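Fold and geometry: a report
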Amino acid sequence: MPAPISRQWLVDHDCPIIPGDTPVRIMQFGEGNFLRAFVDWMFKRLNDSGLFRGTVRLVQPIPEGMVERLKEQDYVYSLLLRGRDNGEVMDVPSYIDVIRDGLNPYTEWDRFLAAAGDGDLRYVVSNTTEAGIVYVATARPDGCPETFPAKAAAMLAARYEKWRGAPDKGLVFLPCELIEKNGERLKEAVLRHLADWGLADSAGVWVADCCLFYNTLVDRIVTGYPRDEAEVLWAANDCRDELLDVGEYFHLWVIEGEPSLKDELRFADAGLNVVVTDNLTPYRDRKVRVLNGAHTGNVLGAYLSGVDTVGEMMDDADLGGNLRAMVEEEILPGVKLPDDEKKEYARAVFERFRNPFVRHELLSISLNSVSKWKVRVLPSLKDYYAETGTVPARLAFSLSCLIAFYRGAWADGQFVGTRERGTYPIRDDKPVLDAFARAWNSHVADFSGLTRTILADATLWDEDLTAIPGLAEKVAAGLEGIAGKGVRAALRSV
């Protein structure tokens, strides 16, 4: 059995080490796989490049977490980044030692408040799940509150008191939760807590004037601990690491903030794909429409044609060709970014879909496809129509595939569809599944009536899609082609 990973192991193996006297400049709420493979990896890169001098203090966001397990490893772990980059298969190991220490605020509340006053502290990052940034009325705590915004408010109140509202002791918040306007929503919740606690005219003013809450967008798939191959990787690396983390090679962090942030955090100079912008919206649109939209717009038809994974779909001449053409011809024109940025992102997405280290099941992506199609695909379709006056053929065909995929029946409490290779579960909210069942049962082979019934159902799409001229006709024609000759042949005619 290899020796356990530790700081001494790093020294013995001539790995770059962050000096022990490096100050704590980042407080991190969350110690899970994503932040360790994304934010901590980036700050490690900054330190190793000589562009930053700072370490991380972890704050465990829930009572049961990983701080103690990390402490057992000297807060050191290995990270494996895998994927494709400009056609080359990448399988890159690294060792992360940027975390100085950690604490559990549920058992170390006083230590947490003391750490909030650390004079070197400048940045706060978080990933407390999509539901983490929520306001819940809370009395001013004498112990650890449940929600992240209440913890952040208590932390800032303590910092305000320690430094008597000094303007230069304000903090920069970089939340990584996958919700829109995450920074703005966190700031709003924090200020509400401070007002509730009678601190609106003291700590509240200081937070509003001296602390920065930036909206961010993060993009990296992190699969976490590779349980099935961990021992093989331990042997290859000559160290035992119970917290080994695995992520894709691609990464992107978009921060909606002041240009001065680029001078504070020189991510770009370290070769990191971090964008500081005054408008995050087009970058979010690009991710949702290209990455997520390409998934949602293609996986249902691919699955019906007999394919099971994203990689297989991309390697198929018909299916992969359709996905690329859909993105390049019908989705990218609606994204409000320079052409070179859009095309480069699309190229990277196509590579990510062909990651040889990830087996991404199409059925897992199919969950709740109706709401996903509405958010991820419909805006591109509407933008294309607004610009050209015509309905985009491939995006319309994706809706034909959705309707075909959602042809099912209830059996033993599960809504089940059928393709040539057998049955499959259709997973969505029950009212959605019932709406499709009624439509299919009412129209059977009347594809025009079926299509118009489904497209007109505003409970599915929040609007009547038959109002888009020509859409119902194209979707019905695609649906008839799928029923008559299969997805692949129908796709070729598109």
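Residues numbered from 1 in each chain as written. Predicted model: local features only at pLDDT ≥ 70, side-chain atom pairs only at ≥ 80, totals over all residues. Heavy atoms only, no water.

Let us look at the environment of Arg57. Mapped onto the elements, Arg57 comes out in strand E2 (residues 55-59). Residue classification places Arg57 among the buried positions, given a relative accessible area of 13%. As for Arg57 and Glu248, which are separated by 191 residues in sequence, their C-alpha atoms are 25 Å apart. Sequence-distant contacts of Arg57, that is, excluding residues within four places in its chain, are made with Val24, Ile26, Met27, Gln28, Asp101, Leu103, Arg111, Ala115 and Asp118. (Helix = DSSP H or I, 4+ residues; strand = E, 2+ residues; numbered from the N terminus. Buried < 20%, exposed > 50% of the residue type's maximum accessible area, 1.4 Å probe, protein only. Contact = heavy atoms within 4.5 Å.)

A few words now on the pattern of salt bridges. What the rule picks out here adds up to 30 salt bridges. Among the ionic pairs, Glu108 bridges to Arg111, the shortest N-O distance being 3.1 Å. Judged by relative accessible area, which is 33%, Arg111 ranks as partly exposed. Notably, a salt bridge pairs Glu161 with Arg140, separated by 3.0 Å at the nearest N-O pair. Of this pair, Glu161 sits in helix H6 (residues 148-163) while Arg140 sits in the loop between strand E6 (123-126) and H6, and the two are 21 residues apart along the sequence. By relative accessible area, Glu161 is classed as partly exposed at 48%. The class for Arg140 is partly exposed, based on a relative accessible area of 42%. (Salt bridge = Lys/Arg side-chain N within 4 Å of Asp/Glu carboxyl O.)

For Asn355, the location among the structural elements is in the loop between helix H14 (339-353) and helix H15 (362-365). A distance of 2.9 Å separates the side chain of Asn355 from the backbone nitrogen of Phe357, its partner in a polar contact. Not counting the four nearest positions on each side in its chain, Asn355 is found in contact with Arg82, Gly83, Arg84 and Glu248. (Polar contact = N/O pair within 3.5 Å; in protein donor to acceptor, adjacent residues only side chain to side chain.)

Here the focus is a nonpolar patch on the surface. Residues Val89, Phe357 and Val358 make up a contiguous nonpolar surface patch of roughly 210 Å² in combined accessible area. Of note, Val358 is situated in the loop between H14 and H15. Accessibility expressed as a relative area gives 36% for Val358, which makes it partly exposed. (Patch = residues over 30% accessible without salt bridge, like charges linked within 9 Å, V, L, I, M, F, W, Y side chains within 5 Å. Areas by Shrake-Rupley, 256 points an atom, 1.4 Å probe, with all protein chains shown as cover.)

Our next topic: the sheet that holds E2. Read across the open sheet, the six strands follow the order E5-E2-E1-E6-E7-E8; overall the sheet is parallel. Each edge of the open sheet is held by one strand with a lone partner, namely strand E5 (99-103) and strand E8 (212-213). When strand E1 (residues 24-29) meets E2, the two strands line up parallel, connected through five bridges. For Phe29, the partnering residue across the bridge sits in E2 and is Val59. Across the sheet, helix H3 (residues 39-48) lies against E1, E2, E5 and E6, angled at about 170 degrees from E1, the strand it touches most. Together, E1, E2 and E5 form the strand contacts of helix H5 (residues 109-116), whose direction differs from that of E5 by roughly 140 degrees. (Pairing = 2+ DSSP bridges. Axes fitted to C-alpha atoms, helices over the stretch in contact; angles between N-to-C directions.)

Summarising the sheet, strand E3 (residues 77-85) and strand E4 (residues 88-96) pair through nine bridges and their orientation is antiparallel. Each bridged residue has a counterpart across the sheet, and for Leu79 the counterpart in E4 is Ser94. Here E3 hands over to E4 after two residues, with Asn86 in that stretch at a positive phi of 55 degrees.

Along the chain, Asp464 falls in the loop between helix H21 (458-461) and helix H22 (471-485). On a C-alpha basis, the gap between Asp464 and Val218 in space is 33 Å, while along the polypeptide they are 246 residues apart. With residues up to four places along the chain from it excluded, the contact list for Asp464 reads Leu455 and Ala456. At 2.5 Å, the side chain of Asp464 and the side chain of Thr466 are in polar contact.

A sheet is described by the order of its strands in space; here three strands give the open sequence E4-E3-E10, paired in mixed fashion. Strands at the two margins of the open sheet, each flanked by one partner only, are E4 and strand E10 (245-248). Sheet twist, expressed as the average angle between the axes of neighbouring strands with direction ignored, equals 20 degrees. Relative to E10, E3 runs parallel, the two sharing four bridges. Bridging across to E10, Arg82 finds its partner in Glu248. Lying over the sheet, H3 contacts E3 and E4, oriented at roughly 80 degrees with respect to E4.

Right, let's talk about the packing of helix H19 (residues 430-443) against helix H20 (residues 447-455) for a bit. Relative orientation of the contacting elements H19 and H20 amounts to 155 degrees, with a least axis distance of 9 Å. Here H20 runs roughly antiparallel to H19, going by the angle between their axes. For the pair H19 and H20, the crossing hand works out as right-handed. Residues Phe436, Ala439, Trp440 and His443 of H19 form the contact with H20, whose own contacting residues are Phe447, Gly449, Leu450, Thr453 and Ile454. Residue composition of the contact of H19 with H20, by class: six nonpolar, three polar and no charged. (Parallel < 35°, antiparallel > 145°, perpendicular 65-115°, else oblique. Left-handed = near helix turned anticlockwise from the far one by under 90°. Nonpolar A, V, L, I, M, F, W, Y, C, P; charged D, E, K, R; others polar.)

Interpretation in functional terms is not warranted from these geometric data alone.
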